[in-house]
Amino acid sequence: MSGPTLDIQPDAQAAAAKACDLLADSIASAVAQRGRALIALAGGTTPAAVYRLLAERDLDWGSVLLVPGDERCVPHGHPDANLTMIERELLDRLPIGGGRPEYVGPPLGLPPSVAAPAWERALVDALNQSAAEGLPVIDFALLGLGLDGHTASLFPGSDSLDAEGIAVAIEDAPKPPPQRVSLTLELLAIARSRVILAVGESKADAIARVLEGPSPLWPASLLPGEGTLVICDERAVGVTP
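All residue numbers refer to position in the chain's written sequence, counted from 1. Confidence filtering applies because this is a predicted model: local features only for residues at pLDDT of at least 70, side-chain atom pairs given and counted only at 80 or more, and all residues used for totals across whole chains, interfaces and linings. Only hydrogens and water are set aside when side-chain values are computed; all heavy atoms of the structure are taken into account.

S.K.: When you look at the sheet that holds strand 3 (residues 64-68) in this model, what are you seeing that I'm missing?
M.R.: The strands that make up a sheet are held in pairs by hydrogen bonds between backbone atoms, and each pair lies either parallel or antiparallel. Spatially, 1-10-9-6-2-3-5 is the arrangement adopted by the seven strands of the open sheet, whose pairing is parallel. Since the sheet does not close on itself, it has two edges, and those belong to strand 1 (5-9) and strand 5 (102-103), each with one partner. What makes two strands pair is DSSP finding at least two bridges between them. Helix and strand assignments come from DSSP, with helices taken as H or I runs of at least 4 residues and strands as E runs of at least 2, each series counted from the N terminus. Of the pairings in the sheet, the one linking strand 9 (residues 194-198) to strand 10 (residues 228-233) comprises five bridges and is parallel in character. Each bridged residue has a counterpart across the sheet, and for Arg194 the counterpart in strand 10 is Thr228. Working rule for contacts: check all heavy atoms of both residues, and any pair within 4.5 Å makes them a contact. Here, axes are lines fitted to C-alpha atoms. For helices the fit covers the stretch in contact, and angles between N-to-C directions go from 0 to 180 degrees. Of the strands in this sheet, strand 1, strand 2 (37-41), strand 3, strand 6 (140-143), strand 9 and strand 10 are in contact with helix 1 (residues 12-34), which crosses strand 10 at around 150 degrees.

S.K.: Even after reading the chapter, I still don't get the pairing of strand 10, so can you show me in this structure?
M.R.: Each regular strand carries side chains that alternate between the two faces of the sheet. Note on classification: 1.4 Å probe, protein chains only; a residue is buried when its accessible area is under 20% of the maximum for its type, exposed when over 50%, partly exposed between these limits. Most of strand 10 sits out of view: six of its six residues are buried. Of the two faces of strand 10, the one lined by Thr228, Val230 and Cys232 and the one lined by Leu229, Ile231 and Asp233 are each fully buried. Examined bridge by bridge, strand 1 and strand 10 share five bridges and lie parallel to one another. Note on strand 10: the bridge partner recorded for Leu6 is Val230. In this fold, the crossover linking strand 9 to strand 10 by way of helix 6 (residues 204-212) has right-handed handedness. Call a crossover right-handed when, viewed with both strands pointing away from you, the route from the first strand across the helix to the second goes clockwise.

Next comes the structure, spelled out in structure tokens:
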């Protein structure tokens, strides 16, 4: 089984621009072909630059459905919520009066065991899809990469790696906050396209491990190599500018 493809950009800004280009192209293509784009967005700090660039694109936002790759079980407006960052860097920057994307995330402020099934129901309803149709297919998933190889909120050694369906409840994440909800590895694995964005020299080891091939010790490596692109900067692969 081949691993993901590696795309090395000169710096973090160029890496963000490349990810933005691919994301915008995927949205346009999905809308043209299927009338709607289902996009999964990474949280954290690294993708913020991507979202600022994406907000400047002239896209058919009214045909876009956005979901977070994962969410922290914190109150609405909390600085740790991925929604807070996505609103600040993308949604609040979109032109007023144009089409608006639909955002479907887990309800904030609820425990994972309640938020995960509620999120599943909300997404299925938003897609007008029945359970008999199987899992929804994400057109483009933008993902992050932790130093320990986690992606979304799928951490090494966690039972969540074997979860089925759309969303999984996380009660004991090894980094705060411990209570989270994440899209499943099963769902991310069938996305039409996946981009892992990782920049900075601190990510060098995790990138190397992911490129080596599947290992439950490095959850991001469990994603199919085909259809997965790792975008990084030169520092993340040990190249000194």
